[in-house]
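A look at the structure
As a plain string of letters, each chain reads:
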Amino acid sequence: MSLKASRLLDGDLRPEDVPATLDGMESHSDERDRFTIYRLIGDTLRGNSTPDDGYSKRIFDRIRRETSGK
Amino acid sequence: MFDHDPDVELVRLAQAGDSRAFEAIVVKYQRRIARLIARYLKSADDVEDAVQEVFLRVYRSLNTFRGDSLFYTWLFRVATNVALRQLERQPSDVLLGDDDPEERIVGFEPGITDAAQPERTAMAEQIAETVQAALSRLLPHLAEALMLYEVENKSYAEIAQMLEIPLGTVRTWIYRARESIAKRLDPILRSQRSERW
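Since we're looking at a predicted model, the values are computed, not measured. (Residues numbered from 1 in each chain as written. Chains lettered and ligands numbered in written order. Predicted model: local features only at pLDDT ≥ 70, side-chain atom pairs only at ≥ 80, totals over all residues.)

As a further point, take the overall build of chain B. Per the secondary structure count, chain B includes 9 helices and 0 strands. When the helices and strands of chain B are read in sequence order from the N terminus, they spell out α-α-α-α-α-α-α-α-α. Expressed as a percentage of its 197 residues, the buried residues of chain B come to 38%. Of all intrachain contacts in chain B linking residues separated by at least 6 positions in sequence, the fraction that spans at least 24 positions is 61%. (Helix = DSSP H or I, 4+ residues; strand = E, 2+ residues; numbered from the N terminus. Buried ≥ 20, exposed ≤ 12 C-beta atoms within 10 Å, placed from the backbone. Contact = placed C-beta atoms within 7 Å.)

Looking now at the overall build of chain A. A tally of helices and strands in chain A yields 4 helices and 0 strands. Taken against the 2.2 N^0.38 rule, which gives 11 Å for 70 residues, the C-alpha radius of gyration of chain A at 14 Å runs more than 25% over that of a compact globule. Overall, the C-alpha framework of chain A stretches about 35 × 35 × 20 Å when taken along its three principal axes. A total of 70 residues make up chain A; the buried ones form 47% of that total. (Rg over C-alpha atoms; globule rule 2.2 N^0.38 Å.)

This part is about the interface of chain A and chain B. Residue-level contacts link 46 residues of chain A with 50 residues of chain B. Of all the secondary structure elements, the ones that give two or more residues to the side of chain A that touches chain B are α1 (2-9), α2 (18-27), α3 (29-45) and α4 (55-67) of chain A. Looking at the side of chain A that touches chain B element by element, the count peaks at 14 residues for α3(A). Grouping the constituent residues of the side of chain A that touches chain B by class yields 18 nonpolar, 12 polar and 16 charged. (Nonpolar A, V, L, I, M, F, W, Y, C, P; charged D, E, K, R; others polar.)

Okay, helix α4 (residues 71-89) of chain B next. Residue and element names in this part refer to chain B. With 19 residues, α4 should reach 27 Å at 1.5 Å per residue; the first-to-last C-alpha distance of 27 Å fits that figure. Burial in α4 covers these residues: F71, W74, L75, A79, V82 and A83. Buried residues along α4 sit in contact with α1 (8-15), α2 (19-37) and α3 (44-61). (Expected span 1.5 Å × (residues − 1).)

A separate point is the nonpolar core. Residues and elements named next belong to chain B. In terms of nonpolar packing, the biggest core is built from 66 residues, with I37, V51 and A145 touching the most fellow members. The dominant element in this core, judged by the number of residues it contributes, is α2, at 11 residues. If you count residues domain by domain, this core takes at least three from each of domain 1 (8-107) and domain 2 (118-195). Residues in contact with I37, not counting those within four places in the same chain, are V47, A50, V51, A79 and A83. (Core = buried A, V, L, I, M, F, W, Y, C linked by C-beta atoms within 7 Å. Domains from an automatic or database assignment.)

Turning to the confidence of the model for chain B, a few remarks are in order. Residues and elements named next belong to chain B. With 82% of its residues at a pLDDT of 70 or more, chain B shows a mean pLDDT of 86. Mean pLDDT across the elements of chain B ranges from a minimum in helix α5 (residues 101-107), with 38, to a maximum in helix α7 (residues 140-150), with 98. The low-confidence segment residues 96-113 (pLDDT under 50) makes 31 contacts with residues lying over four places distant or belonging to another chain. Across the interfaces of the predicted complex, the ipTM metric reaches 0.93, alongside a pTM of 0.87. (pLDDT = per-residue confidence, 0-100.)

In this section: unusual backbone geometry. Unusually for a residue other than glycine, D53(A) sits at a positive phi of about 55°. Mapped onto the secondary structure, D53(A) falls in the loop between α3 and α4. Not every positive phi belongs to a glycine, and N153(B) is a case in point at roughly 60°. Relative to the helices and strands, N153(B) is located in the loop between α7 and α8 (156-163).

Our next topic: α4(A). With 13 residues, α4(A) ought to run about 18 Å at 1.5 Å a step, and its terminal C-alpha atoms sit 19 Å apart, in line with that. The complete set of buried residues in α4(A) reads Y55(A), S56(A), I59(A) and I63(A). End-on view of α4(A): buried residues confined to an arc of 105°, all on one side of the axis. The exposed residues of α4(A) that point more than 90 degrees off its buried face are D61(A), R64(A) and R65(A). On its buried side, α4(A) packs onto α2 and α3 of chain B. (Arc of directions from axis to C-beta.)

Below you can see the structure in the form of structure tokens.
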């Protein structure tokens, strides 16, 4: 399954496989973690090793807050 | 849309209302957007606020994206516009001078050198050291495939051609390289995992 997280990150999955991969990531936190760690590895190799540290979650929270009710 | 846009399917799903697809886009690009915005704004708080603004705008206008450019090109254009508009409101944040722009960027990386967040700084350094150490322990062909993709910005097809291997082997090597490094990162990230997406 982590292979699919790796391929999703790279846009290498067949379109019909993307929803199922997102399903898997939604129901298995380990898979979701793999996606974020693989991205962190790439960003680190490009010189940015900043830990997420809730950064993404705060983005989602603001989007939810400012688009709720629409 | 561009046939070779790696984000085409995530964008299509997000446009159809799949919030998971949009969240994957955020996870994928938030660090790069933060790095871009840190070229314009001084404080980590301002950078984070601008990053949130970028993704909020993208979320709201996603259906106007027609694929006339790569998605990340469009995303980076939005980010640049947000940073410039924030600069207009806070002219004191303009970074002028003869010093090295790269040094200025490093100084304003959110969390990396922010004196108010020493724990994040230490964590970032530990992550960088762990990734480099794990990379040096990889089988050379795995490390080469990963570096070609992540650093040299080569596509799977280009890597297959350069290394004279099948496309399927490229995706497997990159996956194996990532997974091997991820196992080294697991212990130091476990403490904050509950807070991540």
